[in-house]
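Understanding the architecture of this molecule
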Amino acid sequence: MIGVALAALTLASCEKELEQVDSSPQSAAASLQAKPDLLTTGDWHQTGLTVSSATEGSALIATSDLFAQAKPSMLVKVASYKADGTYSLMRGARAGSAFAEPVTGKWRLNAAADSLIVTQGDQTRHLAVTELTASTLSLTYTDGGASGKPSTYTSVFSH
């Protein structure tokens, strides 16, 4: 009797472990499917902008916060990504202008959901998605730079 009870407990625990193993791939797939939903849940407002680049004559990377110093026309007041694959960005007004014109285009996430590909007219840009949660979107873009030293720009958005 005791042997049967132990065998039943062992089988039950093995079955529970198999359920946990089987659910992991599904939860990873669900997480990838949820990324576009997180991106399209509402308007994003830029809350940060930094640039990181190698300092002259050394391998050190210097990071500067540009958000407080940037002109309003350089910052995104509202970014909206729609489920149909279109987006619109509203930047601050340029100097001497009463209002800003929206920038529109198309967007898509790559299969791993770690790169946002945006197209505006005939220009396509790949932005690394370094964070995408229900409340935070962080996008990184690396530019080759005029001096040959790359600069990495990170824009942070929130709802």
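Residues numbered from 1 in each chain as written. Predicted model: local features only at pLDDT ≥ 70, side-chain atom pairs only at ≥ 80, totals over all residues. Heavy atoms only, no water.

1. Overview of the overall build of the protein
Our working definition: Elements are defined by DSSP. Helices are runs of H or I of four residues or more, strands are runs of E of two residues or more, and each kind is numbered from the N terminus. Each residue is placed in one exposure class: buried if its accessible area under a 1.4 Å probe, protein chains only, is under 20% of its type's maximum, exposed if it is over 50%, and partly exposed if it falls in between. The criterion used for residue contact is that any of the two residues' heavy atoms lie within 4.5 Å.
If you tally the helices and strands in the protein, you get one helix and nine strands. Its helices and strands in sequence order give the protein the pattern α-β-β-β-β-β-β-β-β-β, from N to C terminus. Relative to its full complement of 159 residues, the protein shows a buried share of 25%. For the protein, the share of sequence-separated contacts (at least 6 apart) that also reach a separation of at least 24 residues comes to 38%.

2. Considering the sheet that holds strand β1 (residues 45-54)
Spelled out, the test is: Only when DSSP finds a minimum of two bridges between them are two strands counted as paired. Note on definitions: angles span 0 to 180 degrees between N-to-C directions of axes, and those axes are lines fitted to C-alpha atoms, for helices only across the stretch in contact.
The strand order across the open sheet formed by nine strands is β2-β1-β9-β8-β7-β6-β5-β4-β3, and the pairing between neighbours is antiparallel. Each edge of the open sheet is held by one strand with a lone partner, namely β2 (61-65) and β3 (76-81). Each adjacent strand pair in this sheet contributes to an overall mean axis angle of 30°, direction not counted.

3. Describing the nonpolar core
Side chains of nonpolar character tend, in soluble globular proteins, to be buried together. Definition in use: Definition of nonpolar core: a set of buried residues of the types Ala, Val, Leu, Ile, Met, Phe, Trp, Tyr and Cys, connected through side-chain atoms within 4.5 Å.
The biggest cluster of nonpolar side chains holds 18 residues, and the ones touching the most others in it are L39, W44, Y81, W107, L116, L137 and L139. Secondary structure elements with two or more residues in this core: β3, β4 (86-91), β5 (103-109), β6 (115-120), β7 (123-132) and β8 (136-143).

4. Details of the pairing of β5
Sheet topology note: the β4/β5 ladder contains four bridges and is antiparallel. In the sheet register, L89 faces β5, and the bridge partner there is V103. The pairing of β5 with β6 spans four bridges and is antiparallel. Bridged to W107 within β6 is V118.

5. Here we look at the packing of aromatic side chains
Spelled out, the test is: For this analysis, a ring pair means two rings from Phe, Tyr or Trp (six-membered ring only for Trp) whose centres lie within 6.5 Å, classed as stacked if their planes differ by under 30 degrees, edge-to-face if by over 60, and tilted for the remaining angles.
Scanning the model with the defined rule gives two aromatic pairs in all. Measuring from centroid to centroid gives 6.0 Å for Y81 and W107, while their planes differ by 85°, and the two rings are edge-to-face. Of this pair, Y81 sits in strand β3 while W107 is found in strand β5, placing the two residues 26 residues apart along the sequence. Members of the aromatic cluster, connected to one another through ring pairs, are Y81, Y87 and W107.

6. Section: the side chain of S151
With respect to the helices, strands and loops of the structure, S151 is situated in strand β9 (residues 151-158). When its relative accessible area of 14% is taken as the criterion, S151 is described as buried. With near-sequence residues (within four places) excluded, S151 lies in contact with V51, S52, S53, Y141, T142 and D143.

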